[in-house]
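Listed below are the residues making up each chain.
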Amino acid sequence: MFTRQNIDKLIAEAPDDKYLIFKIVAVMGILGACRRKELCQMSLNNIEDLGNTLVVNIPDSKTRVSRTFTVITETYIDLYRNYLALRPAHVNHQRLFIQYTSNKCTIQPVGINIFGKMPTDIARFLKLPNSELYTGHCFRRTSASLLADSGANLCTIERHGGWKSSSVAEGDLEDSLENEKRIACHILPNNCPSSNNSEIEHINKNLIGVVLAKHNCLIGSANYEFLQECAFLVR
């Protein structure tokens, strides 16, 4: 799995003339917990640019569960737009990822096996040991791990990645753009806009107040810290 520091280093230090597509694939793959097939089939029609947010819809996955994720970091959005600007006008398909080299794109879509090798190439650039162990499932595994490290519970992780669950009622969680933005911040928080972090803190405090008022209970400072860490999951 990659760490947040690994991704920050890739974005900051890898030259765009070779690694621009690797950066965008990594961002999409990790924020969306994407399988290589989902990255391969990702279409321009599935991405809505709202200015300060990219809303990405994955209409059909292995589990037949449609899901949505967001890209809210300005640096990541700029990378996406820069890549899109290099797209030839005569491309006759809507696949997002097309072959890229030396600041130029062709019309040829990237094949599924290339996505499977990309994590290894990224690991080699980062000089990580055992780079061959970073497989096509690496982005999806990294996404789940980073979200869990942030304090997310099993229900949120399963919902985010579209994993099936036999014990959690995923329908109890409400879909919303703001919730997807908060999840994006918790996966890769280092480059999140400061306003979003402030918003999360404000929402956390409000949610804690609602929970305590609803149950008419008093808690100690240790439990308050735990609630503060996990309050972004409460709907």
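Because the structure is a prediction, the values reported are computed rather than measured.

Draft legend 1. Up close: the overall build of the protein. Broken down by element type, the protein carries 10 helices and five strands. Considering the protein as a whole, with its 235 residues, one finds that 49% of them fall into the buried category. Summarising the internal contacts of the protein: among those between residues at least 6 apart in sequence, 58% fall at separations of at least 24. Of the roughly 12,000 Å² of accessible surface on the protein, 51% is carried by carbon and sulfur atoms.

Draft legend 2. Expanded view of the packing of helix α2 (residues 16–31) against helix α6 (residues 138–149). Packing of α2 against α6 brings their axes to within 7 Å, and their N-to-C directions diverge by 55°. One element, α2, and the other, α6, form an angle in the oblique class. Along this stretch, α2 crosses α6, giving a crossing that reads as right-handed. In this structure, α2 contributes Val25, Ala26, Gly29, Ile30 and Leu31 to the contact, and α6 contributes Phe139, Arg140, Thr142, Ser143 and Leu146. By residue class, the composition of the contact of α2 with α6 is six nonpolar, three polar and one charged.

Draft legend 3. Representation of the confidence of the model for the protein within the structure. Summing up the model confidence of the protein, the mean pLDDT is 78 and the portion of residues at 70 or higher is 72%. Confidence drops under a pLDDT of 50 for residues 166–175, and excluding neighbours within four residues, the segment shows 16 contacts in the predicted structure. The model gives residues 195–235 a pLDDT under 50, and that stretch makes 46 contacts with residues more than four places away or in other chains.

Draft legend 4. Spotlight on α2. In terms of burial, α2 is a largely internal element, 13 of the 16 residues being buried. Two residues or fewer past α2, Ala33 is found with a positive phi of approximately 50°.

Draft legend 5. Summary view of the sheet that holds strand β3 (residues 67–71). Here we have three strands laid out as an open sheet, ordered β1-β2-β3, and antiparallel in their pairing. Single-partner strands in this sheet number two, and they are β1 (47–49) and β3. Adjacent strand axes in the sheet meet at a mean angle of 20° when their direction is disregarded. In this structure, β1 lies alongside strand β2 (residues 54–58), joined through three bridges in antiparallel fashion. In the strand pairing of β2, Asp49 is matched with Leu54. Sitting on the sheet, α2 touches β1, β2 and β3, and the angle it makes with β3 is about 130°.

Draft legend 6. Examining the environment of Phe22 more closely. Take Phe22: it is sitting in helix α2. Residue classification places Phe22 among the buried residues on the basis of a relative accessible area of 12%. Through-space distance from the C-alpha of Phe22 to that of Ile11 is 9.3 Å; in sequence the pair is 11 residues apart. Setting aside chain neighbours within four positions, we find Phe22 in contact with Leu10, Met118, Asp121 and Ile122.

Draft legend 7. Spotlight on the environment of Ile157. Mapped onto the secondary structure, Ile157 falls in helix α7 (residues 154–161). Ile157 sits 26 residues away from Ile183 along the chain, and the two C-alpha atoms are 9.6 Å apart. Here Ile157 is in contact with Ala144, Leu147, Ala148, Ala152 and Trp163, once residues within four sequence places are set aside.

Draft legend 8. Seen up close, the side chain of Asn6. Within the secondary structure, Asn6 sits in helix α1 (residues 4–13). Asn6 gets classed as buried once you look at its relative accessible area, which sits at 13%. Other than its neighbours up to four places away in sequence, Asn6 contacts Met1, Leu126 and Leu128.

Draft legend 9. Fine view of the nonpolar core. Ranked by size, the top nonpolar core spans 61 residues in total, and within it Phe2, Met28, Met42, Tyr83 and Phe97 carry the most contacts. Ranked by the residues each element gives to this core, the list is headed by α2, at 11 residues.

Draft legend 10. Just unusual backbone geometry, in detail. Positive phi outside glycine occurs at Ala33, with the angle close to 50°. Structurally, Ala33 can be placed in the loop between α2 and α3 (36–41).

Analysis parameters
- Residues numbered from 1 in each chain as written.
- Predicted model: local features only at pLDDT ≥ 70, side-chain atom pairs only at ≥ 80, totals over all residues.
- Heavy atoms only, no water.
- Helix = DSSP H or I, 4+ residues; strand = E, 2+ residues; numbered from the N terminus.
- Buried < 20%, exposed > 50% of the residue type's maximum accessible area, 1.4 Å probe, protein only.
- Contact = heavy atoms within 4.5 Å.
- Areas by Shrake-Rupley, 256 points an atom, 1.4 Å probe, with all protein chains shown as cover.
- Axes fitted to C-alpha atoms, helices over the stretch in contact; angles between N-to-C directions.
- Parallel < 35°, antiparallel > 145°, perpendicular 65-115°, else oblique.
- Left-handed = near helix turned anticlockwise from the far one by under 90°.
- Nonpolar A, V, L, I, M, F, W, Y, C, P; charged D, E, K, R; others polar.
- pLDDT = per-residue confidence, 0-100.
- Pairing = 2+ DSSP bridges.
- Core = buried A, V, L, I, M, F, W, Y, C linked by side-chain atoms within 4.5 Å.

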